[in-house]
Number of protein chains: 2
Amino acid sequence: MDAAARALAEPTRREILRLVRDEERTVTDIAQQFPVSRPAISQHLRVLADAELVTVRSEGTRRFYRARPEGLAELTEWLESFWTSSLRRLAIEVEREQWNNRKHEKVDDD
Amino acid sequence: MDAAARALAEPTRREILRLVRDEERTVTDIAQQFPVSRPAISQHLRVLADAELVTVRSEGTRRFYRARPEGLAELTEWLESFWTSSLRRLAIEVEREQWNNRKHEKVDDD
DNA sequence: CGCATCGGTAACTACACGCTAACGTACGGA
DNA sequence: TCCGTACGTTAGCGTGTAGTTACCGATGCG
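Criteria and cut-off values
The residue numbers shown here count from 1 along each chain, following its written sequence. To read the labels, note that chains go from A and ligands from 1, taken in the order they are written. It should be noted that, the model being predicted, local features are given only for residues of pLDDT at least 70 and side-chain atom pairs only at 80 or more, the latter also being counted only at that level, while totals for whole chains, interfaces and linings use all residues. Note: two strands are recorded as paired if DSSP finds a minimum of 2 bridges between them. The numbering of helices and of strands both runs from the N terminus, where a helix is a DSSP run of H or I of at least 4 residues and a strand a run of E of at least 2. Two residues qualify as a contact pair if the distance between their C-beta atoms, derived from the backbone, is within 7 Å. For this classification, Asp, Glu, Lys and Arg are treated as charged, while Ala, Val, Leu, Ile, Met, Phe, Trp, Tyr, Cys and Pro are nonpolar and the rest, including Gly, are polar. By definition, a residue lies near a molecule or strand provided its backbone-derived C-beta atom is within 6 Å of it.

Caption draft 1: Local environment of the sheet that holds strand β2 (residues 54-59) of chain A. Residue and element names in this part refer to chain A. One open sheet holds the 3 strands; their spatial order is β1-β3-β2, and the pairing between them is antiparallel. What marks the edges here is a single partner per strand, and that holds for β1 (25-26) and β2. Direction of pairing for β1 relative to strand β3 (residues 62-67): antiparallel, over a ladder of 2 bridges. Directly across from Thr-26, in β3, lies its bridge partner Phe-64.

Caption draft 2: Representation of the sheet that holds strand β3 (residues 62-67) of chain B within the structure. Residues and elements named next belong to chain B. The sheet built from 3 strands is open, its strands ordered β1-β3-β2 with antiparallel pairing. Of all strands in the sheet, those bounded by a partner on one side alone are β1 (25-26) and β2 (54-59). Pairing of β2 with β3 involves 6 bridges; the strand directions are antiparallel. Looking at the pairing, Arg-57 lines up with Phe-64 of β3.

Caption draft 3: Geometry of the interface of chain A and chain B. Opposite the 19 residues of chain A that make contact, chain B presents 19 residues. For the side of chain A that touches chain B, the elements supplying multiple residues, two or more each, are α1 (2-8) and α5 (73-109) of chain A. Here the residues of the side of chain A that touches chain B sort into 11 nonpolar, 3 polar and 5 charged.

Caption draft 4: A look at the protein's contact with DNA strand C. Thr26(A), Thr28(A), Pro39(A), Ser37(B) and Gly60(B) are the nearest of the 21 residues found near DNA strand C. At the level of elements, α3 (27-31), α4 (38-50) and β3 of chain A together with α4 (38-50) of chain B are the ones that each hand at least two residues to the surface near DNA strand C. In terms of residue class, the surface near DNA strand C is built from 6 nonpolar, 10 polar and 5 charged.

Purely geometric numbers; function is a separate question.
In structure tokens form, the structure reads like this:
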């Protein structure tokens, strides 16, 4: 997961991932979509592959890359745990607020 | 979102975020949970605050930090778009496989 | 075979990043 | 008022990372 998180920290890599999300693409094809050189894209693809966020398929001299969404599983779970936690916390706050309201009523009563 | 993604790339920052997920904590309190110095934690907290992943509440000399899950919204949506995309792709592949199976049956018939 | 194309790797540069040490500031208690 | 505590900020240092150019092997085609 650490590798996945670090890989996604780079805007270029996120964009690459989006490009190969629904269809496989070659390196040159991908590189043409960016203002940086092809070797730079190659290095980004290596990072993504090491993080298991993409898969490769060789065909002759060409290499087709494709996103591998399962690689994002851990990270997604981690993020979702925050949402559920947020809901739990919200419930607690509502409870406390109700408690405070009751106290205020008491004060008003005094 | 770029800021959030970069902030989460750091293991220490992810851990900090988990620490202040359900309850607010002071800087010294947080720093004691890590092998690094307090200023280092201060810097991490600054990054998290800039990414709007935490909020601060001052009380005297102490500053209480707390996670702000809404800051992860964009990133979560981005990740989830991959899951739905993955499902769509899977559906397409199943379809194609069924098509191939039908072709095989034809060949067998020949 | 000769040559172009595709893509990975190496060496190097520039910059971002994380950490520490040192300092400054603000609040609180004696 | 003096001192301790709680934090933030800065300078400096070492390391990591993204980019480039140059070069390499492998494949496809005449």
